[in-house]
Number of protein chains: 2
Amino acid sequence: MERKITRERFIETALELFHNKGFKATTMRDIAKALQVEAATLYNYIRSKQQLLDDLVFEIADQFHDGLSNIYNSSYSPSEKLKAIVDLNVRLTTAYPYQVALLVGEWKHLEEVRQQAFLDNRGSYEQMVRDIIGQGMEVQELRTMDLEVATYSFLSSIRWLFSWYIEQGSAVNPVELEKQMSDFILKGMQNND
Amino acid sequence: MERKITRERFIETALELFHNKGFKATTMRDIAKALQVEAATLYNYIRSKQQLLDDLVFEIADQFHDGLSNIYNSSYSPSEKLKAIVDLNVRLTTAYPYQVALLVGEWKHLEEVRQQAFLDNRGSYEQMVRDIIGQGMEVQELRTMDLEVATYSFLSSIRWLFSWYIEQGSAVNPVELEKQMSDFILKGMQNND
DNA sequence: GTCTATAATTCGATAGAC
DNA sequence: GTCTATCGAATTATAGAC
């Protein structure tokens, strides 16, 4: 009958509410009510609601960025790298679906300076993907296509994984999911001459 | 030196702010300031902020739904229908990018009953797409793949078009865009035996 | 570590003059 | 149709008792 709050339970509850109602529409009282405590209690765990968002967004954003850097700086071929990127996304998304949801949908509510830092991070991520796809076309591993459309479509098709995963009640085999997604996305990009 | 507000200018300004800051974070005073009037003035144009969101979301949602219904009930083949869906999305998104942004990102802030109506509408849209892809596999126009992953990836890859279009400053030829996107997305789905 | 109480601010919306 | 003035509710966060 433990009623005590752990930081972990607090974060979990907050993330779920942020996903369901949005960060701005979720009040400290909402989170407190879900944990059956008073709102003031929550301030033993965080400095502010704003700081909580910042911590959660950048924690997961850094994981994506670091993961992609390792892929980018590897000796894999371009199309092998793209498969590794799909794999990275599936692994992070199935491990931290609600944090990815926050990353995709609530970064606008970071304070201004931090929002710019976020956009720099995201821009760097997108540029690495663009480079890899461009290299794939150069060595003719990938079909020749409009680079911007290809980059955008690739990123777009994996970005919404979190919402599907959450809706499915997480009843998905991550390994099979990665196979299916790589298959679908990369088949359209590969050069078959 | 016309300072008068038209309903059109009001909607345009509100949509842009909703996209930049999010619906919840945009105050009536924000919109008023951008139009260089007082907040009270805005209530000559709308009944409430909530009603404004509702009107704008369902106006564009209905256009997507009706457009897809027409495609669904046509005599085109499944893969021709998919191409028509991409075309529908490109046309609506390039014509009403900020309204599409609202549709994708802010539906959570509809009031509860209307939110359910929205989800019913979206579910119906997704089911039609799922049907078309399933039929494409049956008649072997499309490769055999996991139906859920294919449907999700297809929808996902066109959903973020609005953000790209807005970022590009709308400097895109819609016809060429439709061609590039159809090409990218459908190449990976077609059966080549 | 959790509570009660409340300060300080902000927001949506209305009343009523012009 | 736009303004000034303001109400009432809601929100983040803090102070201080236990």
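Higher on the page you've got the structure.
About the criteria used
- Residues numbered from 1 in each chain as written.
- Chains lettered and ligands numbered in written order.
- Predicted model: local features only at pLDDT ≥ 70, side-chain atom pairs only at ≥ 80, totals over all residues.
- Heavy atoms only, no water.
- Patch = residues over 30% accessible without salt bridge, like charges linked within 9 Å, V, L, I, M, F, W, Y side chains within 5 Å.
- Areas by Shrake-Rupley, 256 points an atom, 1.4 Å probe, with all protein chains shown as cover.
- Salt bridge = Lys/Arg side-chain N within 4 Å of Asp/Glu carboxyl O.
- Lys, Arg positive; Asp, Glu negative; His and termini not counted.
- Charge placed at Lys NZ, Arg CZ, Asp CG, Glu CD.
- Helix = DSSP H or I, 4+ residues; strand = E, 2+ residues; numbered from the N terminus.
- Buried < 20%, exposed > 50% of the residue type's maximum accessible area, 1.4 Å probe, protein only.
- Contact = heavy atoms within 4.5 Å.
- Buried area = accessible area lost by both parts, 1.4 Å probe.
- Polar contact = N/O pair within 3.5 Å; in protein donor to acceptor, adjacent residues only side chain to side chain.
- Near = heavy atom within 4 Å.

S.K.: Summarise a negative patch on the surface; cite the residues concerned and give the values.
M.R.: All names here are of chain A. Together, Asp55, Glu59, Asp62 and Asp66 make up a region of like negative charge exposed at the surface. Inspection of the secondary structure puts Asp62 in helix 3 (residues 49-72). For Asp62, a relative accessible area of 36% translates into the label partly exposed.

S.K.: So what's going on with the interface of chain A and chain B? Residues and values would help.
M.R.: Reports of interface size often rely on the accessible area that becomes lost once the parts have come together. Tallying the contact residues gives 35 residues for chain A and 35 residues for chain B. Counting the surface lost from both chain A and chain B, the interface buries some 3000 Å², and carbon and sulfur atoms represent 61% of this. It is Tyr152, Trp160 and Phe184 of chain A that lose the most area in chain A upon contact with chain B, and together they represent 26% of the buried surface on that side. Here chain A is connected to chain B by four salt bridges. Of the charged contacts in the structure, one is a salt bridge between Asp183 of chain B and Arg143 of chain A, with a shortest N-O distance of 3.6 Å. Put simply, chain A and chain B have eight residue pairs in polar contact (both at pLDDT 80 or more) between them. Elements supplying a minimum of two residues to the side of chain A that touches chain B: helix 1 (7-21), helix 7 (147-159), helix 8 (161-167) and helix 9 (174-187) of chain A. At ten residues, helix 7 of chain A tops the list of elements feeding residues into the side of chain A that touches chain B.

S.K.: Please provide a residue-by-residue account of the pattern of salt bridges, values included.
M.R.: Within this structure, the stated rule accounts for 20 salt bridges over all chains. Look at the salt bridges and you will find they share partners, linking Arg122, Glu126 and Arg159 of chain A together with Glu167 of chain B into a network.

S.K.: So what's going on with the protein's contact with DNA strand D? Residues and values would help.
M.R.: Neighbouring DNA strand D are 16 residues, the closest being Arg29 of chain A together with Glu38, Thr41, Asn44 and Tyr45 of chain B. Tyr43 of chain A has a polar side-chain atom sitting 3.0 Å from a phosphate oxygen of DNA strand D. At a separation of 2.7 Å, a phosphate oxygen of DNA strand D approaches a polar backbone atom of Glu38 of chain B.

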